[in-house]
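Now for the letters of each chain:
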Amino acid sequence: MGLFVAGMNHRTAPVAVREQLALEEDKLREILREVLAGGGIAEAVIVSTCNRVEVYGVAEVPGEARAVVFRHLCHQRGLDVASVDVFLYTHVDRDAVSHAFRVAASLDSMMIGEPQILGQVKDAFALAQSCETVGPALHSLFTHAFAVAKKVRTETDVGRYAVSVSFAAVELAKKIFDGLSGRTVLLVGAGKMGELAARHLVEQGAFPIYVANRTWSRALEMARALSGTAVPFDELTTALASADIVITSTGAHEPVIRRDMVAGVLHGRRGRPLFFIDIAVPRNVEESVEALEDVYCYDIDDLKQVVDANLRERRREAQRAETLVEREVGKFLARLADADVIPTIVSLRERLESIRLGEVKKTMARLGDAPPETRDAIEALSSAIVNKILHAPITKLRESSRAGHGRSWTELVHELFGLGRQG
Amino acid sequence: MISPTFFTLAVIGYVCATGLALAYLVQRQDLIHRLGSVATLGGWVCHSLALVIRGVEMGRPPLASLPEAVSVAVWVVVLLEMWAERHYGVKVLGAFVLPVAVMLSMSAVGRPLEGPDIDRALSGAWLWVHIGLALIGIAAFVLNFAGAVMYLLQERALKAKRPGTFYYRLPSLETLDRLTYRTLALGFPFLTTGLLLGALWARRVWGSIFAFDPLALFSFVAWAIYAATLAGRAAAGWHGRRAAYFAIIGFAALVLTLGAGFLLPGRHGS
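Definitions and cut-offs
- Residues numbered from 1 in each chain as written.
- Chains lettered and ligands numbered in written order.
- Predicted model: local features only at pLDDT ≥ 70, side-chain atom pairs only at ≥ 80, totals over all residues.
- Heavy atoms only, no water.
- Helix = DSSP H or I, 4+ residues; strand = E, 2+ residues; numbered from the N terminus.
- Buried < 20%, exposed > 50% of the residue type's maximum accessible area, 1.4 Å probe, protein only.
- Contact = heavy atoms within 4.5 Å.
- pLDDT = per-residue confidence, 0-100.
- Buried area = accessible area lost by both parts, 1.4 Å probe.
- Salt bridge = Lys/Arg side-chain N within 4 Å of Asp/Glu carboxyl O.
- Polar contact = N/O pair within 3.5 Å; in protein donor to acceptor, adjacent residues only side chain to side chain.
- Pairing = 2+ DSSP bridges.
- Axes fitted to C-alpha atoms, helices over the stretch in contact; angles between N-to-C directions.
- Phe/Tyr/Trp six-rings, centres within 6.5 Å; stacked < 30°, edge-to-face > 60°.
- Lys NZ or Arg CZ within 6 Å of the ring centre and 35° of its normal.
- Expected span 1.5 Å × (residues − 1).
- Right-handed = clockwise from strand over helix to strand, strands pointing away.
- 1 Å grid on protein atoms, 1.4 Å probe; cavity = no way out; pocket = protein on both sides within 12 Å on 5 of 7 lines; lining within 4 Å.
- Points joined across faces, edges and corners; volume = space filled by probe spheres on them.
- Domains from an automatic or database assignment.

A. Geometry of the overall build of chain B. Check the secondary structure of chain B and you find nine helices and zero strands. Its helices and strands in sequence order give chain B the pattern α-α-α-α-α-α-α-α-α, from N to C terminus. Scored against the burial criterion, the 270 residues of chain B give a buried share of 52%. Residue pairs in contact within chain B that sit at least 24 positions apart in sequence constitute 79% of those at least 6 positions apart.

B. Region of interest: the confidence of the model for chain B. Of the residues in chain B, 89% reach a pLDDT of 70 or more, and the chain-wide mean stands at 86. Scored by ipTM, the complex comes to 0.85, with pTM at 0.80.

C. Region of the structure containing the interface of chain A and chain B. Counting from both sides, the interface comprises 34 residues of chain A and, opposite them, 30 residues of chain B. Regarding the contact of chain A and chain B, the summed buried area is about 2,600 Å², with carbon and sulfur atoms giving 39% of it. At the junction of chain A and chain B, the tally comes to five salt bridges. Taken together, the links from chain A to chain B amount to 22 residue pairs in polar contact (both at pLDDT 80 or more).

D. Layout of the environment of T5(B). Its location among the elements puts T5(B) in helix α1 (residues 3-26). Measuring from C-alpha to C-alpha, the distance between T5(B) and A146(B) comes to 29 Å, with 141 residues separating the pair along the chain.

E. Representation of unusual backbone geometry within the structure. All names here are of chain A. With an omega dihedral of -5°, the bond running from F207 to P208 counts as a cis peptide bond. A cis amide bond, omega 0°, links V281 with the succeeding residue P282. Inspection of the secondary structure puts P282 in the loop between β9 (274-278) and β10 (295-299). With phi around 55°, S227 is a residue other than glycine that occupies positive phi space. In this structure, S227 sits in the loop between α10 (216-225) and β7 (229-231). The class for S227 is exposed, based on a relative accessible area of 61%.

F. Local environment of the sheet that holds strand β4 (residues 89-92) of chain A. Residues and elements named next belong to chain A. Read from one edge of the open sheet, four strands run β2-β3-β1-β4, paired in antiparallel fashion. The open sheet has two edge strands with one neighbour each: β2 (41-48) and β4. On average, each strand axis in the sheet is inclined to that of its neighbour by 15°, with strand direction left out of account. In terms of strand pairing, strand β1 (residues 2-9) meets strand β3 (residues 52-59) through eight bridges, oriented antiparallel. Bridged to M8 within β3 is V53. Against the sheet, helix α7 (residues 136-155) touches β1, β2 and β3, its axis set at about 35° to β2.

G. Representation of the pairing of strand β8 (residues 245-248) of chain A within the structure. Residues and elements named next belong to chain A. Burial along β8 is two-sided: the residues I245 and I247 and V246 and T248 are all buried. The sheet contact formed by strand β5 (residues 185-188) and β8 spans four bridges and is parallel. Bridging across to β8, L186 finds its partner in V246. Of the pairings in the sheet, the one linking β8 to β9 comprises four bridges and is parallel in character. If you follow I247 over to β9, its bridge partner there is I277.

H. Geometry of the packing of aromatic side chains. Under the criterion given, the structure shown has 16 aromatic pairs over all chains. With 6.4 Å between their ring centres and 50° between their planes, F96(B) and F166(B) make a pair best called tilted. Of the two residues, F96(B) is situated in helix α4 (residues 93-108) and F166(B) in helix α6 (residues 165-169); the sequence distance between them amounts to 70 residues. According to the relative accessible area criterion, F166(B) is partly exposed, its value standing at 31%. Taken together, a centroid distance of 5.8 Å and an interplanar angle of 25° make the contact between F220(B) and W223(B) stacked. On the criterion of helical spacing, the pair formed by F220(B) and W223(B) is a turn pair, its members being three residues apart in helix α8 (residues 214-236). Through a chain of ring-to-ring contacts, the aromatic side chains of Y56(A), F125(A), F142(A) and F146(A) assemble into a single cluster. Over the face of the ring belonging to F146(A) we find K122(A), whose NZ or CZ atom lies 5.5 Å from the ring centre. When the ring centre of Y296(A) is taken as reference, the NZ or CZ atom of K159(B) above it lies at 5.1 Å.

I. Inspection of the side chain of E54(A) at higher detail. All names here are of chain A. With respect to the helices and strands, E54 occurs in strand β3. Residue classification places E54 among the buried positions, given a relative accessible area of 1%. Within the local environment of E54, its side chain forms a polar contact with the side chain of Y56, the two groups lying 2.7 Å apart. Among the polar contacts listed, one links the side chain of E54 to the side chain of Y89, at a separation of 2.5 Å. Every residue in contact with E54, bar those within four places of it in the chain, is listed here: V5, A6, G7, M8, V45, I46, V47, Y89, H99 and V103.

J. Local environment of helix α9 (residues 240-263) of chain B. Its 24 residues place the ends of α9(B) 34 Å apart at the C-alpha level, agreeing with the 34 Å of an ideal helix rising 1.5 Å per residue. For α9(B), the full list of buried residues reads G240(B), A243(B), A244(B), A247(B), G250(B), F251(B), A253(B), L254(B), T257(B), A260(B), G261(B) and F262(B).

K. Representation of the sheet that holds β8(A). Residue and element names in this part refer to chain A. Within the open sheet, the six strands sit side by side as β7-β6-β5-β8-β9-β10. Their pairing is parallel. The open sheet has two edge strands with one neighbour each: β7 and β10. Each adjacent strand pair in this sheet contributes to an overall mean axis angle of 20°, direction not counted. Contacts between α10 and the sheet are confined to β5, β6 (209-212) and β7, with β7 contributing the most and set at about 155° to the helix.

L. Up close: the pairing of β6(A). All names here are of chain A. Where β5 and β6 come together, four bridges link them in parallel fashion. Of the residues in β6, the one forming a bridge with L187 is V211. Handedness of the β-α-β unit built from β5, helix α9 (residues 192-203) and β6 comes out right-handed. Handedness of the crossover joining β6 and β7 through α10 is recorded here as right-handed.

M. Here's a closer look at the layout of surface pockets. All names here are of chain A. Taken as a whole, the second largest pocket encloses approximately 1,000 Å³ of empty space. Lining the second largest pocket are 33 residues, and of these M1, L336, A337, D340 and R407 sit closest to its centre. Per-element accounting of the lining of the second largest pocket gives the leading share, eleven residues, to helix α13 (residues 300-367). Split by domain, the lining of the second largest pocket shows at least three residues from each of two domains, domain 1 (2-155) and domain 3 (331-417).

Structural data, given as structure tokens:
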């Protein structure tokens, strides 16, 4: 029996194929049960998202197991197995472990470091658990994978920097302001992107929100949607005086925010920074505004440039994460190998200990009223002999299991010491 | 004498901590930061021991000569750095403060530890208080300087719109500006009181405030710069870039003060 993972992801299969195999929970439940009932597969977890359809499992022959699972999956959609087979990959043993860890840690994602995948994998695991298709092997694989994912998240910056324009704007605001709670946001215009950026700011605690729009009813509507206050468009300058973050997304062809407007309110702000997020094209904020002190002005291209830099930073961090994952794979395999031989070691120890106790008891009985020191000495002597004898075989068992051939050695030890039948 | 050994260990600790802090700036890895913190703390503990031993050996506070005083200033700087790093959550602070601490330590290395003979009659509690207060002030200004440098780097990164190492590693402009303001507000009263005591004492003993002492002259210039910055901040709403430039100019004046103390003959010894 060996660990394997088989499936397709965003790199190996086009979306047209992936979307057909992305199944809902009920169907997955059904398939999980059928697959295990069919025999040949001891444990199974199916991860099915829009970017990957994978089965993690324990089987005697992974190739057959893969065929069985995908036959069931395809059957649900009336697809021909042969048509998806070309998109499938199979990893076994070490590679399977490594793959599971990389997926959970979001290193195999289309957008490296995106946080959703971990939740999706956890859901898939919970689903399989509820179907009772998770055994000890997959249980330890997935719990370890979740721990690795958490470690990658805390020890590297792989998921840290924003990769969307609107989140990049939030991140920039946090580099200017010491926290966003209680910061005043002014939203000028009613574009979708502007609303999204405003929402992100609100989620970070920004408050209050003012909305200005040429159409008063639209301003009211947007203000209601964001739990903010509408301000008349011709009172923009007044609103600027109190704002910390200004998002502009109007369809105007002339700048809405001019340098003289901003310069006029700067003095009264006493150095409070003013951050313009201009996502309109053509731009709503006059270019010369950014030359003013304490004013930071990012247009859509600037934000994209920040996103690009963030992506580079993520890739750099992903390299570090890969090293971390490889180390964890090694640790996991060593533990797994130990688990293989530990029952043998325990029964070997028990066997020798019972022999020792039996012999010590006989000797003690013969000694009669020997002084306690003598009895202690006999105890110590016999224990020492047992431990010395055990040392070499235990070491050998551990070594051999880590080298991948523990099974033959455990069998040998069982034979040699008459440890009973192996489970 | 045991104290030179501990002094050496302290400097080694600070040098290691500086290297690690700079490495952490480039490669954000928690292990590097932790090692750096250990090296800083280790260096500082050795430094404390060295100062205590020296004080006991000499039977007076280890503040009688300029190298000694600089050493104590470094001790306070490192203490403040450890505190501010936690308090402001600026993990890269060490990269900006520790190099200055190491340079200050190095400036004192190889100089005779014994200062000019301080007239027994002149020395007394006032002298130690004068030196001690001035040193705490100077230590706060080292952090003030570091805060200003970080502010300017982050501000430039944000204005240039090209995120680089500093953009990612440094905290927000507001945090940095607050750090700069707080350290100024902390250092200034200490420096003022320290200088005032020195001036009063000088007038009583030598009959003149400056008494042809270059260190005293330069320190007055530095004080004036900091006084102007503080006044500007409190009254005129100075902040950000302008306040940061002033912090750097003030610190330059302090460095000149120290240089004057080391290189030119005067009451503070050379």
